[in-house]
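Below, each chain spelled out in residue letters.
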There are 2 protein chains.
Amino acid sequence: MQEYRREALRWLAEEYHDLNGTQYDVLEDFPTPLEFSRMVHISRPILMRGSAIPSLSDAAAWSKPWLADKMGDRDISVAVTPNGRADAVTRGPDNKLYFAEPLTQKMSVQALLRSLSSDGPPAADASQDARTSQAEVHYLQSQNGNLFSNRYYELRGDSEDPSEFEPLREYIPSEISWCSDALDRNPDAVNLWIGDEKSVTSIHSDPYENIYTVLRGSKQFTLLPPTEGWCLKERRYPHATYVRSPVTSQLELVPSPAETPLVRWSSVTDPTDPTALPAEAHPIHITVNAGETLYLPAGWWHYVCQRGFTVAVNYWYDMEGRGMSWVWLNFLRDTEEPPLGNGEDEPEGGEKE
Amino acid sequence: MQEYRREALRWLAEEYHDLNGTQYDVLEDFPTPLEFSRMVHISRPILMRGSAIPSLSDAAAWSKPWLADKMGDRDISVAVTPNGRADAVTRGPDNKLYFAEPLTQKMSVQALLRSLSSDGPPAADASQDARTSQAEVHYLQSQNGNLFSNRYYELRGDSEDPSEFEPLREYIPSEISWCSDALDRNPDAVNLWIGDEKSVTSIHSDPYENIYTVLRGSKQFTLLPPTEGWCLKERRYPHATYVRSPVTSQLELVPSPAETPLVRWSSVTDPTDPTALPAEAHPIHITVNAGETLYLPAGWWHYVCQRGFTVAVNYWYDMEGRGMSWVWLNFLRDTEEPPLGNGEDEPEGGEKE
């Protein structure tokens, strides 16, 4: 049974790849709602050469000084890790692998910006910033609708959906009209992301249609279609969270209580490494530069890096729940429990619970 | 392996049904192209209370006398069978099961109309017409784009795409604008269907988005989603065609040469019989009356009956080939050869080639 499942997943991945290849469309203009509705049905990534956020006459917009000026001395919630890998599989002090959540720390925008690489084109030696920075890595990646949450659309008001980034709301539309019209719904969450090359987002998939627009810097996406999820060798890991030691003030990875459910996550930590994936995987590499927008379809696996100081906004829309799409994504991913992530040198023959 | 496949198909059918049920939408107005694009993505049947063919001021339009008047003495190609089951699994004189194609016979529209039940509301005893009719059953079901084929759209002209029903073209649009706009393509074929309750269409699926509009009489559709195709127990049958014997003038079912490929077809001859399907099948029954239109999504299984004299037009549009849909339909249907249709009393343990 296990063997046929593997065979079925291989068959689906191969057929899908034979039909679709690794091609992706690049659009010079945003689609109409009807055009975008067709694109959602096809569910392939699309790079659009335009910003979903209206451009401002101020050339300094979205730069560090501009952000500092707009935000003043407000505190925001920032993910803090020792290695730039929040929400990722990480080896703990006991040498076991954990799914590690970051410390969420309140700090001023100024403090965040100071800790990030310099704004503007990356230096010839891009690693310089990283070398001179402190031992902790900061990334604004709160993903809870930090600009607009679904409460905003339901209650139609700023007051009912407070945002740490309230001063930036006037510059960021609460929805993307061609996307909302195509999908006939409001976004579920709109998030601001501020980080640099010291942070990466580990590979995962979301059940959301995702419109990702870059305002400063650039993002490098490594994408795999839902049919190639099995190539990412998901495992189940114990949960842990970074905590600041009251004694040393250093970050420590603290395992969660034993009753905390295991977290299912890809065991591939760097899918840009050509040796990390089986031959059946066909990653698509797309760089999204400032002023460009990516349509990242629901269920697609994505790993995200940044080059230098990078500001981005993404819009998550619930995927269509009716019909087949949801069932297929579950079939590709959830019909079987993956093995445990610890204590297996050879994943195929690893230990079972 | 066979067992896991069966288990996977069961899982998909159950999840799909749990999510979608047997519900279908009924629309009082035709959708906009954007609305229809969303419907195609969801891929569920929809009944629309309106005719895709503009209604004529002449109340007699599409009646027998009206059709006879418009068509004159032209010959048309009609499917002829002894039992009203063209393109269906039928027992031959040697007691073996065949996939039987009809005799295609040229006859005048008048001759066809005379052989069909009377126009108008069905008589209290609807089987009367059938009893008094001749031993052969006629059905206009040529399915080759008998009104407009893809040559019409490519060459943009009547002269390059001759139709046996040329006099009716002025009453029938060559495309449905909300559907062509939603799918961004022309129809692949537009077909006229003329028949009565003596003919049925055996259950099958097509890789086309199908817009089916009824002009006279009514059609009863029995529909199953693509995920329930395994409930229809496909088998492989030798091919045969009805031929008129030059000696007796009677129809005879003549097996095709042995090298003719076997035809894969459902072994369920009447899916409206509640005992014919396993409990996992959830047929949806939709009656489409004159003046109504059915959206029958690509890959959906359908069995079609008619009540009394029935005239209909359908528009086939190629389904979207990019993305996942095509791969999934193939996975549900084509990853394995079904058993042979003859010589098996117990399909599950039947003979193998």
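Residues numbered from 1 in each chain as written. Chains lettered and ligands numbered in written order. Predicted model: local features only at pLDDT ≥ 70, side-chain atom pairs only at ≥ 80, totals over all residues. Heavy atoms only, no water.

Colleague: Looking at this model, I keep getting lost on the pattern of salt bridges. Mind explaining?
Modeller: Side chains that differ in sign of charge can pair as their charged atoms come close. One pass over the full model with this rule turns up 26 salt bridges over all chains. Across the pair Asp-161 of chain A and Arg-169 of chain A runs a salt bridge whose closest N-O atoms are separated by 3.1 Å. Across the pair, Arg-169 of chain A and Asp-161 of chain A agree in class, each one buried. Note that Glu-320 of chain B and Arg-322 of chain B form a salt bridge whose closest N and O atoms lie 2.8 Å from each other. The class of Arg-322 of chain B is partly exposed, set by a relative accessible area of 45%. One continuous salt-bridge network, built from bridges that share partners, spans Glu-28, Arg-49 and Glu-292 of chain A. (Salt bridge = Lys/Arg side-chain N within 4 Å of Asp/Glu carboxyl O. Buried < 20%, exposed > 50% of the residue type's maximum accessible area, 1.4 Å probe, protein only.)

Colleague: Before we go on, may I ask you to explain unusual backbone geometry in this structure?
Modeller: The phi torsion of most residues other than glycine is negative, and most of the peptide bonds are trans. Residue and element names in this part refer to chain A. Positive phi is not limited to glycine here, since Asp-87 has a value of about 55 degrees. If you trace the backbone, Asp-87 turns up in the loop between strand E4 (85-86) and strand E5 (88-91). In this structure Asp-87 comes out as buried when scored by relative accessible area, which is 18%. (Helix = DSSP H or I, 4+ residues; strand = E, 2+ residues; numbered from the N terminus.)

Colleague: How do you make sense of the environment of Asn-95 of chain A when you look at a structure like this?
Modeller: Mapped onto the secondary structure, Asn-95 of chain A falls in the loop between E5 and strand E6 (97-101). Take Asn-95 of chain A: its relative accessible area is 52%, and that puts it in the exposed class.

Colleague: I would appreciate a short explanation of the interface of chain B and chain A in the present structure.
Modeller: In many reports, interface size means the accessible area that the parts give up when they come together. At the interface, 37 residues of chain B touch 37 residues of chain A. Approximately 3,600 Å² of surface area, both sides summed, lies buried where chain B meets chain A, with 73% of it carried by carbon and sulfur atoms. Summed over the three residues of chain B that lose the most area to chain A, namely Tyr-4, His-41 and Trp-328 of chain B, the buried surface amounts to 21% of that side. For the interface between chain B and chain A, the tally reads two salt bridges. With a shortest N-O distance of 3.8 Å, Arg-38 of chain A and Asp-184 of chain B are connected by a salt bridge. The interface formed by chain B and chain A holds eight residue pairs in polar contact (both at pLDDT 80 or more) in total. Elements supplying a minimum of two residues to the side of chain B that touches chain A: helix H1 (2-20), helix H2 (33-42), helix H7 (177-183) and helix H8 (325-334) of chain B. Among the elements that line the side of chain B that touches chain A, the one with the most residues is H1 of chain B, at ten residues. Taken together, the residues of the side of chain B that touches chain A sort by class into 20 nonpolar, nine polar and eight charged. (Contact = heavy atoms within 4.5 Å. Buried area = accessible area lost by both parts, 1.4 Å probe. Polar contact = N/O pair within 3.5 Å; in protein donor to acceptor, adjacent residues only side chain to side chain. Nonpolar A, V, L, I, M, F, W, Y, C, P; charged D, E, K, R; others polar.)

Colleague: Please explain the sheet that holds strand E5 (residues 88-91) of chain B as it appears in this structure.
Modeller: Consider a sheet: its strands pair through backbone hydrogen bonds, and that pairing is either parallel or antiparallel. Residues and elements named next belong to chain B. One open sheet accounts for four strands, arranged E5-E6-E14-E15; its pairing is mixed. The two strands at the open ends of the sheet, each matched to only one other strand, are E5 and strand E15 (251-255). Direction aside, neighbouring strands of the sheet carry axes that sit 45 degrees apart on average. Bridge count between strand E6 (residues 97-101) and strand E14 (residues 239-244): three bridges; the pairing is parallel. (Pairing = 2+ DSSP bridges. Axes fitted to C-alpha atoms, helices over the stretch in contact; angles between N-to-C directions.)

Colleague: Quick question: what am I supposed to make of the packing of aromatic side chains here?
Modeller: Aromatic rings considered in pairs are described by the distance between their centres and by the relative angle of their planes. In total, this model carries 32 aromatic pairs over all chains according to the counting rule given. Between Phe-36 of chain B and Trp-178 of chain B, the ring centres sit 4.9 Å apart and the planes meet at 75 degrees, which makes this aromatic pair edge-to-face. With Phe-36 of chain B in helix H2 and Trp-178 of chain B in helix H7, the pair connects residues that are 142 residues apart, well separated along the chain. Given the relative accessible area of 0%, Phe-36 of chain B is considered buried. Overall, the relative accessible area of 9% leaves Trp-178 of chain B in the buried class. Grouped by ring-pair contacts, the aromatic residues Trp-11, Trp-328 and Phe-331 of chain A together with Trp-11, Trp-328 and Phe-331 of chain B constitute a single cluster. It is Lys-64 of chain A that lies over the ring of Phe-309 of chain A; its NZ or CZ is 5.4 Å from the centre. (Phe/Tyr/Trp six-rings, centres within 6.5 Å; stacked < 30°, edge-to-face > 60°. Lys NZ or Arg CZ within 6 Å of the ring centre and 35° of its normal.)

Colleague: Help me out: how do you make sense of the nonpolar core in this one?
Modeller: If you look at soluble globular proteins, the nonpolar side chains tend to sit buried side by side. Membership of the largest hydrophobic core comes to 77 residues, with the highest contact counts inside it found for Phe-221 and Phe-331 of chain A together with Phe-221 and Phe-331 of chain B. When sequence neighbours within four positions are dropped, the list of residues in contact with Phe-221 of chain A reads Tyr-212, Ile-284, His-285, Ile-286, Val-288, Leu-294, Leu-296, His-302, Tyr-303 and Val-304 of chain A. (Core = buried A, V, L, I, M, F, W, Y, C linked by side-chain atoms within 4.5 Å.)

Colleague: Would you explain the side chain of Ser-218 of chain A in this entry?
Modeller: All names here are of chain A. Along the chain, Ser-218 turns up in strand E12 (residues 208-224). Overall, the relative accessible area of 4% leaves Ser-218 in the buried class. Separated by 2.7 Å, the side chains of Ser-218 and Gln-220 make a polar contact. Setting aside chain neighbours within four positions, we find Ser-218 in contact with Thr-287, Val-288, Asn-289, Cys-305, Gln-306, Arg-307 and Thr-310.

Colleague: Which parts of the structure should I look at to understand H2 of chain B?
Modeller: An α-helical turn contains 3.6 residues, so a residue and the one three or four places further along point in the same direction. Residues and elements named next belong to chain B. Counted residue by residue, H2 has eight buried out of ten residues, so it is predominantly covered. Taken residue by residue, H2 has Leu-34, Phe-36, Ser-37, Arg-38, Met-39, Val-40, His-41 and Ile-42 as its buried positions. Just downstream of H2 lies Ser-43, where phi reads positive at about 60 degrees.

Colleague: Looking at this structure, how should I read the sheet that holds strand E7 (residues 103-108) of chain B?
Modeller: Residue and element names in this part refer to chain B. As summarised here, the arrangement of the three strands in space is E7-E3-E8, forming an open sheet in which the pairing is antiparallel. Strands with a single pairing partner mark the edges of an open sheet, and in this sheet they are E7 and strand E8 (137-139). Across the sheet, the mean angle from the axis of one strand to that of its neighbour is 45 degrees, orientation sign disregarded. Pairing of strand E3 (residues 75-81) with E7, which is carried by six bridges, proceeds in the antiparallel orientation. What sits directly across from Val-78, in E7, is Gln-105.

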